[in-house]
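# Chain and residue survey
Here is what each chain is made of, one letter per residue.
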Amino acid sequence: MQVKHAVIAGLAMLAASAVAVAGPSGGTVSGKVTYEGTPAKMKPIDMSKEPSCAKMYPSPPLAETVVTGAGSSLENVVVYVSAGAPDEPAPSTAATFTQKGCRYIPHLLAFQVNQELKITNEDQTSHNIHPLPKLNREWNKSQPPGTPPISEKYDKAEFIPVKCNVHPWMHGTFAVLKNSHFSVTRDGGAFSLANLPPGKYTITAWHESYGDQSQDVTISGTEAKTVNFVFKAKPY
Amino acid sequence: MLNIKKLCLNVAVALMLPAGLVAQLADQPAAKPSAHLESHVGNLTGHSEAGRPLYYRYCWGCHGARGDGNGENAPYLTPQPRNFVAATFKCRSTPTGTLPLDQDLYNSLVRGFNFTNMPSWAALTAQSRADLVAFIKTFSARWVTEKPGDPIPIPAEPKLTLESLKHGGELYQKLECWKCHGQEGRGDGPSASTLTDSNDQPIRPFNFTTTNRSKCGKTNQDLYRIFMTGVDGTPMPSFADVIKPEDAWDLVHYLRTLQYNNRSPELALWESTKEGREIVNAKHVQNTYTGSGIQP
């Protein structure tokens, strides 16, 4: 009888943890990504060789290697759980990467290992999509205007630079991650990782020219923790 | 009591399933390259053990002792020697991003690579080449974890017509081949000077006017194959998903008319028209030693 009780107690604990995983009430890690120092001044992109794109802008758009916002905030930083969370199977929704005005939207696209990646071309010109992975397979596909979206996926976690050889100013990044706990900073530099079950995590922030930083954080219950990242900006 | 027990059991079972899945994902050991591999080329079977001494006699000076393309001569070469660890190959019959067939690698050995330091190895025996193909596959774990792609089918070449040539010319504009290869196919398009390969080294688009021998072969089938597969590791993308086979053949026919020093049936047909003859004649530059014949 005692054994039976113990088994039941153990199962009850498992059930409790199951609720914590499934429920929306897990812990949250949020914060802001900022920079200190002087970031490089972004140059306007010369699209004169591609008039169909150049005419989409009243004034030439700036390069997006470093995008800053009000209050020294830093955009296009992917903040993710690099350790402590189990690998997750890919969601059924596709991550969408759009070529518009001879730029990549978004500039940095984060998605999961084996998740479908859909690439579309909304321009009146041909692009070639040429991601340059080191761990995954390297492919290079042409996408003339009006052709259907390209569907691909990556089976290893990696940060992959993406370029278009026809339009040398086009640069982007695929952040292929192992779990769903990630957030990409937009205007304001804020990020939020929700639904983290109790545990010890390593939170990493990655920026394409400033590298990465990590901080450890322990979540108990449904608490909300604040983690801020400050990158050292380089003036060149 | 019983109900609770049942419920708990159900929850436990439900938990175990995803947990098992996750463990499987996390515990996958990194694949290692295989030490012993075979290659199959026609009736030949190549063995990596037999290929090893050949590699360390003929190949490693450029491709490196570890097959990573960092051999003693590599710093002096452009384009750089292939990195067999990355296993990204230019000349394939398989779709972009997939491994080539043994036959593709074998053909590359026979042919060599025009405009590079990779010579033809036709002087070796067929068996030696097959052995070398087997050996270079031992450098990358991709040959263990992946299978070569399915070859891109090449339908029979349609009859050459003037419409085919003209339509090919339209496609050359529409698919924006000229952005890199130039309006006259001289490899001097507006993006040409900015191109780099996957090693970040400058690379030039193919100049159709110099020769009919491109890196991956010289027949019409080879040309067709090149733009269907793309040339992996270079800026040349694959057009397999965006071009119909009959259109691709039209483009092949048109490309031959750009090779104005190569007497091909396509060029002959093109020159039989007034428009074509004028275009081809305009490309011939006389007295080039001093440039005296060049009209401004």
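This one's a predicted model, so the numbers in the text were calculated from it and none came from an experiment.

This brings us to the overall build of chain B. Secondary structure summary: chain B contains 11 helices and 2 strands in total. Going from N to C terminus, chain B has its helices and strands arranged as α-β-β-α-α-α-α-α-α-α-α-α-α.

The helix and strand tally for chain A stands at 2 helices and 19 strands. Burial status across chain A gives 36% buried among its 236 residues. Of the contacts made within chain A by residues no fewer than 6 positions apart, 65% connect residues no fewer than 24 positions apart.

Here we come to the nonpolar core. Counting 47 residues, the largest nonpolar core has Val78, Val79, Leu109, Ala110 and Ala175 of chain A as the members making the most contacts within it. When near neighbours in sequence (up to four residues on either side) are disregarded, Ala175 of chain A contacts Val78, Leu108, Leu109, Ala110, Phe159 and Trp206 of chain A. Formed by 44 residues, the second largest nonpolar core is a distinct cluster that contains Tyr55, Phe135, Leu223 and Phe239 of chain B.

Attention shifts here to the domain arrangement of chain A. All names here are of chain A. Looking at the assigned domains, one finds that chain A contains domain 1 (27-85 + 181-236) and domain 2 (89-180). Computed over C-alpha atoms only, the centres of domain 1 and domain 2 are separated by 19 Å. Of all the secondary structure elements, the ones that give two or more residues to the side of domain 1 that touches domain 2 are helix 2 (51-54), strand 4 (78-83) and strand 14 (182-184). Among the elements that make up the side of domain 1 that touches domain 2, the one with the highest residue count is strand 4 (3 residues). Residues of the side of domain 1 that touches domain 2, tallied by class, amount to 13 nonpolar, 3 polar and 3 charged.

Turning next to the domain arrangement of chain B. All names here are of chain B. Partitioning chain B into domains gives domain 1 (38-145) and domain 2 (162-283). The gap between the C-alpha centroids of domain 1 and domain 2 is 27 Å. Between domain 1 and domain 2, the residue contacts involve 17 residues of the former and 20 residues of the latter. Of the residues belonging to the side of domain 1 that touches domain 2, the class tally is 6 nonpolar, 8 polar and 3 charged.

Adjacent strands of a sheet form backbone hydrogen bonds with each other and so pair up, either parallel or antiparallel. Residues and elements named next belong to chain A. Spatially, 4 strands are ordered 6-5-8-11 in an open sheet, and the strand pairing comes out mixed. The sheet is open, and its two edges are formed by strand 6 (103-105) and strand 11 (150-152), each paired on a single side. Between one strand axis and the next, the sheet turns by 20 degrees as a mean value, whatever way the strands run. In this sheet, strand 8 (residues 117-121) lies alongside strand 5 (residues 95-100) in parallel orientation, the contact comprising 5 bridges. Its bridge partner being in strand 8, Thr98 is matched across the sheet by Thr120.

Residues and elements named next belong to chain A. Residues Gly27, Val29, Gly31, Val33 and Tyr35 line the buried face of strand 1 (residues 27-36), whereas the alternating positions Thr28, Ser30, Lys32, Thr34 and Glu36 sit on a face that is not buried. Two elements, strand 1 and strand 15 (residues 190-196), share 5 bridges in a ladder whose sense is antiparallel. What sits directly across from Gly27, in strand 15, is Leu196. Bridging between strand 1 and strand 19 (residues 229-232) involves 4 bridges; their strand directions are parallel. Considered in strand 19, the bridge of Tyr35 is made with Phe231.

This part takes up helix 2 (residues 48-63) of chain B. Residue and element names in this part refer to chain B. With 16 residues, helix 2 extends just 16 Å between its outermost C-alpha atoms, more than 12% less than the 22 Å of an ideal straight helix rising 1.5 Å per residue. Maximum bend of helix 2: about 55 degrees, positioned at Tyr55. Among the structural elements, strand 2 (44-47) and helix 4 (126-136) are those in contact with the buried residues of helix 2. Downstream of helix 2 by a residue or two, Gly64 has a phi angle that is positive, lying close to 90 degrees.

The next subject is unusual backbone geometry. Note the cis peptide between Ile105 of chain A and Pro106 of chain A, where omega equals -5 degrees. Looking along the chain, the bond that leaves Thr78 of chain B and enters Pro79 of chain B is cis, with omega of -5 degrees. On the secondary structure map, Pro79 of chain B appears in the loop between helix 2 and helix 3 (102-111). Positive phi is not limited to glycine here, since Cys102 of chain A has a value of about 55 degrees. Here Cys102 of chain A is to be found in the loop between strand 5 and strand 6. Unusually for a residue other than glycine, Asp200 of chain B sits at a positive phi of about 65 degrees. Tracing the chain through its elements places Asp200 of chain B in the loop between helix 7 (178-181) and helix 8 (220-229).

The next subject is the sheet that holds strand 4 of chain A. Residue and element names in this part refer to chain A. The strand order across the open sheet formed by 4 strands is 14-4-16-17, and the pairing between neighbours is antiparallel. Here the strands that pair on one side only, and so sit at the sheet edges, are strand 14 and strand 17 (211-219). Geometrically, the sheet is characterised by an average inter-axis angle of 25 degrees between neighbouring strands, direction not taken into account. Looking at chain direction, strand 4 and strand 16 (residues 199-207) are connected through 5 bridges and run antiparallel. Paired with Ala83 across the two strands is Thr202, which belongs to strand 16.

Residue and element names in this part refer to chain B. In contact at an axis separation of 7 Å, helix 6 (residues 162-174) and helix 9 (residues 245-258) are set at 95 degrees when each is read in the N-to-C sense. On the basis of their axis angle, the class for helix 6 and helix 9 is roughly perpendicular. Residues Ser164, Leu165, His167, Gly168, Gly169, Leu171 and Tyr172 of helix 6 lie in contact with helix 9, whose contacting residues are Asp247, Asp250, Leu251, His253, Tyr254 and Thr257. Here the contact of helix 6 with helix 9 is built from residues that sort into 5 nonpolar, 6 polar and 2 charged.

In the predicted model, chain A carries a mean pLDDT of 89, and 89% of its residues have values of at least 70. Contacts of residues 6-23 of chain A to residues separated by more than four positions or lying in other chains number 17 contacts, the stretch itself having pLDDT below 50.

To continue, consider helix 8 of chain B. Residues and elements named next belong to chain B. When you tally the buried positions in helix 8, you get 7 out of 10 residues, the bulk of the element. Every buried residue of helix 8 is accounted for by Leu223, Tyr224, Arg225, Ile226, Phe227, Met228 and Thr229. For helix 8, the elements touching its buried residues are helix 9. Downstream of helix 8 by one or two residues, Gly230 has phi in the positive range, about 70 degrees.

Rules and cut-offs
- Residues numbered from 1 in each chain as written.
- Chains lettered and ligands numbered in written order.
- Predicted model: local features only at pLDDT ≥ 70, side-chain atom pairs only at ≥ 80, totals over all residues.
- Helix = DSSP H or I, 4+ residues; strand = E, 2+ residues; numbered from the N terminus.
- Buried ≥ 20, exposed ≤ 12 C-beta atoms within 10 Å, placed from the backbone.
- Contact = placed C-beta atoms within 7 Å.
- Core = buried A, V, L, I, M, F, W, Y, C linked by C-beta atoms within 7 Å.
- Domains from an automatic or database assignment.
- Nonpolar A, V, L, I, M, F, W, Y, C, P; charged D, E, K, R; others polar.
- Pairing = 2+ DSSP bridges.
- Axes fitted to C-alpha atoms, helices over the stretch in contact; angles between N-to-C directions.
- Expected span 1.5 Å × (residues − 1).
- Bend = angle between axes of the 7 residues up to and from the residue.
- Parallel < 35°, antiparallel > 145°, perpendicular 65-115°, else oblique.
- pLDDT = per-residue confidence, 0-100.

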